[in-house]
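One letter stands for each residue in the lines below.
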Amino acid sequence: MGPFLDLMKNALFSPTSSSAVFPPKASPSPNSSGLVPFGSPKFYVFCGMGGSICCGFTHLIITPLDIVKCRMQVDPIKYTGVVQGFRVAVAEDGIRGLARAWAPTTIGYSAQGFGKFGYYEVFKNVYGSMLSEENAYTYRSWIYLAAASSAEFFADFFLAPFEAVKVRMQTSSTAPKTMRECMPMIYKKEGMYGFFKGLPPLWTRQIPYTTVKFVCFERIMELMYKHVVPKPRAECTKTEQLLVTFSAGYLAGILCAVASHPPDVLVSQLNQDPNATLTSAAKRLGWKGMWAGLGARIIMIGTITAMQWFIYDGWKVLMGIPRPPPAEMPESIRRKLEEEDRKRQ
């Protein structure tokens, strides 16, 4: 265990990593004025804070769309579409009803965002530092995937209780309309199990969503700077870089919505019906039912993901947090490829 703990310590708190996922030239000196040292505890805390802000804020502002989406999933006969769903929701609950469950939404996703983004930076550094520079570049997508999966696994423990309260408030006509009343009600009827029974399907929704979100974002950023943006990232202004971040985030968000939609429907069903199990909910829905509300979710998740990456990247700029450029091919690999080309010629 000793060598492994030493490796973890070096990976977590070394301000300069040799991994191609974190180019050394992007890592400022710990003594750099106005910057947070890369790989320091402060770096990870600030990244977590940025994740908390971007996730909490974006989920708060799309609460009305989330309400309609959840109701389309649990009652597709009554809520047949996004526009029609808004009309029904407003007719039954008024305009104020579209803000129902804003408190558990904001608190839950703020806590989850801290874990999602903060732990992602931790695990990406740890896993990348375990490999050589060449292997870290070659297998970078696997590093992103492993880091995102690990981060989301822990972050969902923060989210699950508030997600249970949120969905119950939004979809059940008998549930209390405030979080301070709904949480005790769930605990009285179901105990702690009521807050965490949706955790397994939450993992099946959130882990694919987060892996697609981070892996696709990282790779789309690479492709955009390589093939779309007409100049190197270092020559782009901060505003131009943030626009690229927003565009890559939206494209990644569309893929996220599709990849994680069936589990999202199951989570809504389980939290809406206290007697439902994962198996019974899946049988009742069927394959077609698991895709209910996909259109609303694509709009919601695409917008959320783009805004989250934009806010997160903007937070890093504002706070002087290191922002390594997209992974670049190590010179050693470049020389090998050039040598192979010369031999073929």
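Analysis parameters
Residues numbered from 1 in each chain as written. Predicted model: local features only at pLDDT ≥ 70, side-chain atom pairs only at ≥ 80, totals over all residues. Heavy atoms only, no water. UniProt positions renumbered as here; feature names shortened; annotations may be inferred. Core = buried A, V, L, I, M, F, W, Y, C linked by side-chain atoms within 4.5 Å. Buried < 20%, exposed > 50% of the residue type's maximum accessible area, 1.4 Å probe, protein only. Helix = DSSP H or I, 4+ residues; strand = E, 2+ residues; numbered from the N terminus. Contact = heavy atoms within 4.5 Å. Axes fitted to C-alpha atoms, helices over the stretch in contact; angles between N-to-C directions. Parallel < 35°, antiparallel > 145°, perpendicular 65-115°, else oblique. Nonpolar A, V, L, I, M, F, W, Y, C, P; charged D, E, K, R; others polar. Patch = residues over 30% accessible without salt bridge, like charges linked within 9 Å, V, L, I, M, F, W, Y side chains within 5 Å. Areas by Shrake-Rupley, 256 points an atom, 1.4 Å probe, with all protein chains shown as cover. Salt bridge = Lys/Arg side-chain N within 4 Å of Asp/Glu carboxyl O. Phe/Tyr/Trp six-rings, centres within 6.5 Å; stacked < 30°, edge-to-face > 60°. Lys NZ or Arg CZ within 6 Å of the ring centre and 35° of its normal.

As recorded in an unreviewed UniProt entry, the protein goes by the name Phosphate carrier protein, mitochondrial, listed as coming from Caenorhabditis remanei. Looking at the protein in UniProt, the text filed under Function (unreviewed entry) is "Transport of phosphate groups from the cytosol to the mitochondrial matrix."

Peer 1: Explanation requested: the nonpolar core in the structure shown.
Peer 2: One finds Phe-43, Phe-117, Tyr-120 and Ile-321 to be the most contacted residues of the largest nonpolar core, which totals 36 residues. Only α2 (41–61), α5 (102–129), α7 (140–171), α10 (199–228), α11 (238–272) and α13 (294–319) provide two or more residues apiece to this core. If you tally residues by element for this core, the top one is α10, at seven residues. For Ile-321, the residues in contact, after removing those within four places along its chain, are Val-36, Phe-43, Phe-46, Cys-47, Trp-315 and Lys-316.

Peer 1: Would you mind showing me how to read the packing of α5 against α7 here?
Peer 2: When two helices pack together, you describe them by how their axes are tilted relative to each other and by the distance separating the axes. Contact pair α5 / α7: the axes reach a minimum separation of 6 Å and the direction vectors enclose 170°. The angle between α5 and α7 falls in the class roughly antiparallel. A per-class count over the contact of α5 with α7 returns 21 nonpolar, seven polar and six charged.

Peer 1: Help me understand a nonpolar patch on the surface, please; the structure alone is not making it clear to me.
Peer 2: Where nonpolar side chains cluster on the molecular surface, the patch consists of Met-130, Leu-131, Tyr-139, Trp-142 and Leu-145 and spans about 510 Å² of accessible area. Residue placement: Tyr-139 occurs in the loop between α6 (133–138) and α7.

Peer 1: Where do I start with the packing of aromatic side chains in this structure?
Peer 2: When we look at a pair of aromatic rings, we describe it by the centre distance and by the angle of the planes. What the rule picks out here adds up to 18 aromatic pairs. A centroid spacing of 6.5 Å and a plane angle of 45° characterise the contact between Phe-246 and Tyr-250, whose relative ring orientation is tilted. Of this pair, Phe-246 and Tyr-250 are both found in helix α11, four residues apart, which corresponds to roughly one turn of the helix. Judged by relative accessible area, Tyr-250 falls into the partly exposed class, the value being 29%. Relative to Tyr-312, the ring of Trp-309 lies with its centre 6.0 Å away and its plane at 75°, an arrangement referred to as edge-to-face. Taken as a pair, Trp-309 and Tyr-312 lie in helix α13 at a separation of three residues, close to a single helical turn. In terms of burial, Trp-309 and Tyr-312 fall into one category: buried. An aromatic cluster of three or more residues is present, and its members are Tyr-119, Phe-123, Tyr-127, Phe-153, Phe-154, Phe-157 and Trp-203. Seen from the ring of Tyr-137, Arg-140 lies directly overhead, with NZ or CZ sitting 4.1 Å from the centre.

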